[in-house]
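# Report on the structure
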Amino acid sequence: MTIDSRFQELAELFFEQGSSVPGGSSLAVFEDGKPVVNLWQGETVGGKPWNADTVSVIFSCTKGLASILAHRLIQEGKLDLEQKVSYYWPEFAQAGKQNIPVKWLLQHKAGLSATRRDLTMDEITDGHTLEDELAAQEPLWEPGTAHGYHALTFGTLIGKLVHNITGKTAGKYFAELIAEPLGVDAWIGLPKDKFANLAPLISDGNRQAVVAEPNTDLYWQAKAMTFGGALNHLVESYETGFNNPQLVSAELPGAGGVSNAFGLAKIYSAAVTEMNGVRLLEDETLRAAVVPQSTGPLKFEPQDGTWFPAWGNGFMVDVPGLKDLLGPSSFGHDGLGGQNAFGDFEHQVGFAYTSNYLLSGADDQWRQQVLIRKLKEILN
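Heads up: these notes are all about the structure in this document. In this text, all values refer to a predicted model and were calculated from it rather than measured experimentally. (Residues numbered from 1 in each chain as written. Predicted model: local features only at pLDDT ≥ 70, side-chain atom pairs only at ≥ 80, totals over all residues. Heavy atoms only, no water.)

## Description of the packing of helix α6 (residues 129-136) against helix α7 (residues 154-166)
- Contact pair α6 / α7: the axes reach a minimum separation of 10 Å and the direction vectors enclose 95 degrees. Here α7 runs roughly perpendicular to α6, going by the angle between their axes. Every residue of α7 that contacts α6 at Leu130, Glu131 and Leu134 is listed here: Thr156, Leu157 and Lys160.
- Broken down by class, the residue content of the contact of α6 with α7 amounts to three nonpolar, one polar and two charged. (Axes fitted to C-alpha atoms, helices over the stretch in contact; angles between N-to-C directions. Helix = DSSP H or I, 4+ residues; strand = E, 2+ residues; numbered from the N terminus. Parallel < 35°, antiparallel > 145°, perpendicular 65-115°, else oblique. Contact = heavy atoms within 4.5 Å. Nonpolar A, V, L, I, M, F, W, Y, C, P; charged D, E, K, R; others polar.)

Below you can see the structure in the form of structure tokens.
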């Protein structure tokens, strides 16, 4: 383990949190390209200790990784935010979607937060049905007029652009561009021979399947998370959740990534400074990426004045007091149940927190938020 003395209070908070809940977790911070915090605690299952090699499903933290891939292509001039999606993906121009620009995919404004048709587990994981459905269907709202959380479809939409531009799936491109050069344990689509170090997910038991009248806001909100029931129990059930190897080994670039805090923090560090000879994104690219594009109430969510997450192009950005990062130069994404990973190009920091014990409800993100606020206090 690694604890730079400046970050001792952060380490103490991490271990204090871990002592009161089941499962295990990991925390890592890189500063100026150097690991200053690398910690883990707890157990996976059956008393097996969490260790440096333990990994877990990181859910929507994967969206941050997919966004790095997209911005690398933007930086290289291979992907244009203002260009029509159909320029790169001709089949997408169906059902009135021919004029949707790439930026609306990254900004959750495409009106494709859920599939209209219910999908089975086999269809979700076969590598093409989800793409085909999204290409063929009519948007759920007029694109560009609102943003709604594309919880499971975001990665498929971005991943298809990556595939059509590079000739590689998002998982393969991620491995070749990022994971392998940096030497980190991180995958979009976990290989069959890497399951030995995977910590099974544990739920707090409070996440219930939603039953809603068709075409209501609640219906579409639930469908965005379940594809109509195939993933009704994201954690609690082996058959319909992310403890199912079929789901974890499939490439779902919006929610199915696997890593640990060290791997994620190193990736974000490499996005802001050179690591292992790798610098993923330039400051100019990042400055454009973090300009807020989608703020305020989400489509299909209650319009009750609650503060909501904010996105730039793909990345979650700082929302002080609700979704805290380090400031306006931070970029990343949190994940279901309390995980987060981000970088900051002004502070030259990469941060990540992962856990296999997932909370639900309004306070699901409190653990990582406490840690981030302590980090911010230390750095400032």
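## As for the sheet that holds strand β5 (residues 186-188)
- Taken together, the three strands give an open sheet; going across it, the order is β4-β7-β5, and neighbouring strands pair in antiparallel fashion. Of all the strands in the sheet, just β4 (56-59) and β5 have a single pairing partner and so form its edges. Between one strand axis and the next, the sheet turns by 30 degrees as a mean value, whatever way the strands run.
- Relative to strand β7 (residues 257-259), β4 runs antiparallel, the two sharing three bridges. Pairing of Val57 across the sheet is with Val258, part of β7.
- Each of β4, β5 and β7 is contacted by helix α2 (residues 61-75), which is oriented at about 70 degrees to β4, the strand it contacts most. (Pairing = 2+ DSSP bridges.)

## Quick look at the pattern of salt bridges
- Taken as a whole and assessed by the stated rule, the structure comprises 15 salt bridges.
- One salt bridge in this structure joins Arg117 and Glu133, with 3.0 Å as the shortest N-O distance. On the criterion of sequence distance, the pair formed by Arg117 in the loop between α4 (102-106) and α5 (121-125) and Glu133 in helix α6 is long-range, its members being 16 residues apart.
- Note on Arg117: relative accessible area 35%, which makes it partly exposed.
- Across the salt bridge formed by Asp324 and Arg373, the nearest N and O atoms sit 2.8 Å from each other. Pair noted here: Asp324 is in the loop between β9 (316-317) and β10 (330-335) and Arg373 is in helix α13 (residues 366-379), with a separation of 49 residues, a long-range link.
- For Asp324, a relative accessible area of 7% gives the class buried.
- Taken together, the shared-partner salt bridges in this structure form one network comprising Glu9, Lys374 and Glu377. (Salt bridge = Lys/Arg side-chain N within 4 Å of Asp/Glu carboxyl O. Buried < 20%, exposed > 50% of the residue type's maximum accessible area, 1.4 Å probe, protein only.)

## A few points about the pairing of strand β2 (residues 24-31)
- Most of β2 sits out of view: eight of its eight residues are buried.
- Burial of β2 is two-sided: the residues Gly24, Ser26, Ala28 and Phe30 facing one way and the residues Ser25, Leu27, Val29 and Glu31 facing the other way are all buried.
- In this sheet, strand β3 (residues 34-42) lies alongside β2 in antiparallel orientation, the contact comprising eight bridges. Bridge pairing links Ser26 to Trp40 in β3.
- What sits between the antiparallel neighbours β2 and β3 is a turn of two residues, in which Asp32 has the positive phi angle 50 degrees.
- As judged from the seven bridges shared by β2 and strand β12 (residues 349-355), these two strands associate in the antiparallel manner. Counterpart to Ala28 in the pairing with β12 is Ala352.

## Thoughts on the packing of α2 against helix α11 (residues 261-272)
- Interaxial distance between α2 and α11 falls to 12 Å at its minimum, and their mutual angle equals 30 degrees. If you check the angle between α2 and α11, you find them roughly parallel. Crossing geometry of α2 relative to α11 is assigned as left-handed. Along the contact surface, α2 presents Gly64, Leu65 and Ile68, while α11 presents Leu264, Ile267 and Tyr268.
- When its residues are assigned to classes, the contact of α2 with α11 shows five nonpolar, one polar and no charged. (Left-handed = near helix turned anticlockwise from the far one by under 90°.)

## Details of helix α8 (residues 170-182)
- Here α8 spans 17 Å end to end across 13 residues, near enough to the 18 Å set by a 1.5 Å rise per residue.
- Residue Glu176 marks the point of greatest curvature in α8, where the axis turns by about 40 degrees.
- For α8, the complete set of buried residues consists of Ala170, Gly171, Tyr173, Phe174, Ala175, Leu177, Ile178, Ala179 and Leu182.
- Packed against the buried residues of α8 are α2, α7, β5 and α11. (Expected span 1.5 Å × (residues − 1). Bend = angle between axes of the 7 residues up to and from the residue.)

## Topic: the side chain of Thr54
- Take Thr54: it is sitting in the loop between β3 and β4.
- Accessibility expressed as a relative area gives 5% for Thr54, which makes it buried.
- Within the local environment of Thr54, its side chain forms a polar contact with the backbone nitrogen of Asn51, the two atoms lying 2.9 Å apart.
- When neighbours within four sequence positions are excluded, Thr54 is seen to be in contact with Thr44, Pro49, Asn197, Ala199 and Asn260. (Polar contact = N/O pair within 3.5 Å; in protein donor to acceptor, adjacent residues only side chain to side chain.)

## Looking at empty space enclosed by the protein
- Counted under the stated rule, the structure contains four cavities of 30 Å³ or more.
- In this structure, the largest cavity encloses a volume near 70 Å³.
- What lines the largest cavity is simply Pro309, Ala310, Met316, Val317, Val319, Lys323, Asp324, Leu325, Asp334, Asn340, Gln368 and Gln369.
- Of all the secondary-structure elements, those providing two or more residues to the lining of the largest cavity are β9 and α13.
- In this model, the second largest cavity occupies a volume close to 50 Å³.
- Forming the boundary of the second largest cavity are 13 residues, of which Gly18, Ser25, Gln41, Tyr353 and Arg367 lie nearest the centre.
- Of all the secondary structure elements, the ones that give two or more residues to the lining of the second largest cavity are α1 (8-18), β2 and β12.
- Looking at the lining of the second largest cavity element by element, the count peaks at three residues for α1. (1 Å grid on protein atoms, 1.4 Å probe; cavity = no way out; pocket = protein on both sides within 12 Å on 5 of 7 lines; lining within 4 Å. Points joined across faces, edges and corners; volume = space filled by probe spheres on them.)

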